[in-house]
Amino acid sequence: MTMDAKALLLNALDTRWKKYRSELKLCRAEFSEEAVHDVRVAARRLLAFFDLLRSVLHHARIQTIRRALKNQLAELDDLRDAQVLLADISEYIHEVPDLEVFREYLEKKERKYLRAARTMVASHKAGNLSERVEKARIMITELPGEELAEQLLEAADEAYARVLRLYGAVDAERVATIHKLRIAFKRFRYTVEVLHPLLETFLLDNFERMHTYQTMMGDIQDMEVALDGLSELMDTLQKPDPESPRSLWELDKAKALSIHEHYASRFRNVLLAYLEDKGEVLTFWRPAPEGSFPWEK
């Protein structure tokens, strides 16, 4: 072991809590798309810490903190999806000009979600969590240190065991099985981010590989979100706008069908790419607590 487990937890908490408060304050002072993104990332990393902490510290306070962070992230989910799709459209619109119809639709949604996010950020005070986080910090200092490192590694073993169970259930015909794996894998990855200093032989290159693996599954999710959003757009085009010429409505409907084929084709490609490399998940951690780590072989 290369680092004291209790010191590791305290350092991780202090770093992530400070970053979260800083990003929230900055976003409130200078609201922007980038600032909202940074708040979301900081909140997710802080939540990941408390996900790990609850494995060694069983207290209702931890659940309360997790719930507050999860609720905040949930309020930003729709905005995140719209922004990811808009960024993606910027890369492909020169190849598929018809995407302009979808971009206009998403930009309207983005403006709506940004207004909601501004209200949420303005009303959300990090101070509401400060007392609970400080008490959680005190509770960490009181944890018995003798077995803490092993308990944290056991938490990673359990998170990885869940990943393996869901990996075994992956079915290409049921994409929901890949989404379940993606969520479990993300939690496992964040867990390793916190505790990896406990492992003398851990290779930092593993994080880049894990990120790439998670991104492959995320690409599948993004294409599904795109297809769902496009389905909503097509629903709005079922009836002509009385204020628009019917020819314009028919043109938009034809473009929507063209866009659908664009995303359906990309969905098939990213799904096949993941299925080809999905076995790499077996190289990220030891298969069992008594086993050796892949990078030690």
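Here's a quick rundown of the structure. It should be emphasised that the depicted structure is a prediction, and the values quoted were computed from it without experimental measurement. (Residues numbered from 1 in each chain as written. Predicted model: local features only at pLDDT ≥ 70, side-chain atom pairs only at ≥ 80, totals over all residues. Heavy atoms only, no water.)

Attention now goes to the overall build of the protein. Scanning the protein from N- to C-terminus turns up nine helices and zero strands. Tracing the protein from N to C terminus, the helices and strands come up as α-α-α-α-α-α-α-α-α. Seen along its three principal axes, the alpha-carbon backbone of the protein occupies a region of about 75 × 45 × 30 Å. The proportion of buried residues among the 297 residues of the protein is 45%. Of all intrachain contacts in the protein linking residues separated by at least 6 positions in sequence, the fraction that spans at least 24 positions is 77%. Carbon and sulfur atoms make up 50% of the accessible area of the protein, which totals about 15,800 Å². (Helix = DSSP H or I, 4+ residues; strand = E, 2+ residues; numbered from the N terminus. Buried < 20%, exposed > 50% of the residue type's maximum accessible area, 1.4 Å probe, protein only. Contact = heavy atoms within 4.5 Å. Areas by Shrake-Rupley, 256 points an atom, 1.4 Å probe, with all protein chains shown as cover.)

Another aspect to go through is the environment of Arg-111. With respect to the helices and strands, the residue Arg-111 is situated in helix H4 (residues 99-123). For the pair formed by Arg-111 and Leu-79, sequence separation is 32 residues and the distance between their alpha carbons is 8.9 Å.

A few words on the packing of helix H7 (residues 176-195) against helix H8 (residues 205-236). Packing of H7 against H8 brings their axes to within 10 Å, and their N-to-C directions diverge by 150°. Between H7 and H8, the angle falls in the class roughly antiparallel. With respect to the hand of their crossing, H7 and H8 are arranged in left-handed fashion. For the pair H7 and H8, contact is made by Ile-178, His-179, Leu-181, Arg-182, Phe-185, Lys-186, Phe-188, Arg-189, Val-192 and Glu-193 and by Phe-207, Met-210, His-211, Tyr-213, Gln-214, Met-217, Gly-218, Ile-220, Gln-221 and Glu-224, respectively. Of the residues that constitute the contact of H7 with H8, the class distribution is 10 nonpolar, five polar and five charged. (Axes fitted to C-alpha atoms, helices over the stretch in contact; angles between N-to-C directions. Parallel < 35°, antiparallel > 145°, perpendicular 65-115°, else oblique. Left-handed = near helix turned anticlockwise from the far one by under 90°. Nonpolar A, V, L, I, M, F, W, Y, C, P; charged D, E, K, R; others polar.)

This part covers a negative patch on the surface. Residues Glu-146, Glu-147, Glu-150, Glu-154 and Glu-158 make up a contiguous surface patch of negative charge. For Glu-146, the position within the fold is in the loop between helix H5 (127-141) and helix H6 (148-168). According to the relative accessible area criterion, Glu-146 is exposed, its value standing at 70%. (Patch = residues over 30% accessible without salt bridge, like charges linked within 9 Å, V, L, I, M, F, W, Y side chains within 5 Å. Salt bridge = Lys/Arg side-chain N within 4 Å of Asp/Glu carboxyl O. Lys, Arg positive; Asp, Glu negative; His and termini not counted. Charge placed at Lys NZ, Arg CZ, Asp CG, Glu CD.)

Before going further, it helps to examine H4. For an α-helix, the turn length of 3.6 residues means that residues three or four places apart are oriented alike. Taking 1.5 Å as the rise per residue, H4 with 25 residues should run 36 Å; its terminal C-alpha atoms sit 36 Å apart, in good agreement. Considered for burial, the residues of H4 that qualify are Leu-99, Val-101, Phe-102, Tyr-105, Leu-106, Glu-110, Tyr-113, Leu-114, Ala-117, Met-120 and Val-121. (Expected span 1.5 Å × (residues − 1).)

For the rest of this paragraph, the subject is a positive patch on the surface. Among the surface-exposed residues, Arg-54, Lys-70, Arg-162, Arg-165, Lys-180 and Arg-187 lie close enough to one another that they form a single positively charged patch. Elements with a contribution of two residues or more to the positive patch: H6 and H7. On the accessibility criterion, Lys-70 (39% relative accessible area) is partly exposed.

With that out of the way, let us pick up the environment of Pro-294. Relative to the assigned elements, Pro-294 resides in the segment after helix H9 (246-277). Taking relative accessible area as the criterion, Pro-294 reaches 24% and is therefore assigned partly exposed. Here the alpha-carbon distance between Pro-294 and Phe-202, two residues 92 residues apart in the chain, equals 9.8 Å. Pro-294 has contacts with Leu-282, Thr-283, Phe-284, Trp-285 and Arg-286, leaving out every residue within four places of it along the chain.

Turning to the pattern of salt bridges, a few remarks are in order. Counting across every chain of the model gives 16 salt bridges. Measuring nitrogen to oxygen at the nearest pair gives 2.8 Å for the salt bridge that ties Asp-157 to Arg-286. With a gap of 129 residues between them, Asp-157 in helix H6 and Arg-286 in the segment after H9 connect regions that are remote in the sequence. For Asp-157, a relative accessible area of 10% corresponds to the buried category. You can call Arg-286 buried: its relative accessible area is 10%. In the salt-bridge network here, residues are joined through shared partners; they are Arg-16, Arg-45, Arg-189 and Glu-193.

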